[in-house]
Amino acid sequence: MNRHHLQQAIHDCNNGVVPFNMGLSRAFLYGNKWYPLRGVVNYAQQLAGEEELTTDRALVAYVYLGYYARISDVNFENNFPVILNSNEKMAEAHSISEMLEMLVRP
């Protein structure tokens, strides 16, 4: 799996065609949406002709691609990503700002 496969999986998830379990599930934040980690990564694995991964291995595969990794347990009620509300966006922006500040400190 490479970044192209993951981008295609994210695109397909936005269109509601990625199969994954409903309810509380480990998710990654990408843009302003939460995506089901195992469902999207395994869909990307399938696009790449590779084998299915456990949730933990899916997280490792995601991180190895070099993406920012914000992980949380999110409740999925349908086959679409969960969109952040305005308060959540501000909280995430603040969190990223703090991480960047720590990065540039001497």
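Look up: the structure comes first, before these words.
Residues numbered from 1 in each chain as written. Predicted model: local features only at pLDDT ≥ 70, side-chain atom pairs only at ≥ 80, totals over all residues. Heavy atoms only, no water.

Student: Which parts of the structure should I look at to understand the overall build of the protein?
Tutor: A count of helical and extended segments in the protein gives four helices and four strands. Element order for the protein, N to C, with α for helix and β for strand: α-β-β-α-α-β-β-α. Projected onto its principal axes, the C-alpha coordinates of the protein cover approximately 45 × 30 × 20 Å. Every one of the 106 residues in the protein was classed for burial, and the buried ones make up 33%. Counted over contacts in the protein with a minimum sequence separation of 6, partners at least 24 positions apart contribute 66%. (Helix = DSSP H or I, 4+ residues; strand = E, 2+ residues; numbered from the N terminus. Buried < 20%, exposed > 50% of the residue type's maximum accessible area, 1.4 Å probe, protein only. Contact = heavy atoms within 4.5 Å.)

Student: How do you make sense of the sheet that holds strand 1 (residues 23-30) when you look at a structure like this?
Tutor: In a beta sheet, neighbouring strands pair by backbone hydrogen bonds and run either parallel or antiparallel. One open sheet holds the four strands; their spatial order is 3-1-2-4, and the pairing between them is antiparallel. Two strands in the sheet have a free side with no partner beyond their single neighbour: strand 3 (71-76) and strand 4 (82-83). Sheet topology note: the strand 1/strand 2 (residues 33-36) ladder contains four bridges and is antiparallel. Residue pairing across strands places F28 opposite Y35, the latter belonging to strand 2. Sitting on the sheet, helix 1 (residues 3-14) is in contact with strand 1 and strand 2, with an inclination near 105 degrees to strand 2. Lying on the sheet, helix 2 (residues 37-47) is in contact with strand 1 and strand 2; it crosses strand 2 at an angle near 70 degrees. (Pairing = 2+ DSSP bridges. Axes fitted to C-alpha atoms, helices over the stretch in contact; angles between N-to-C directions.)

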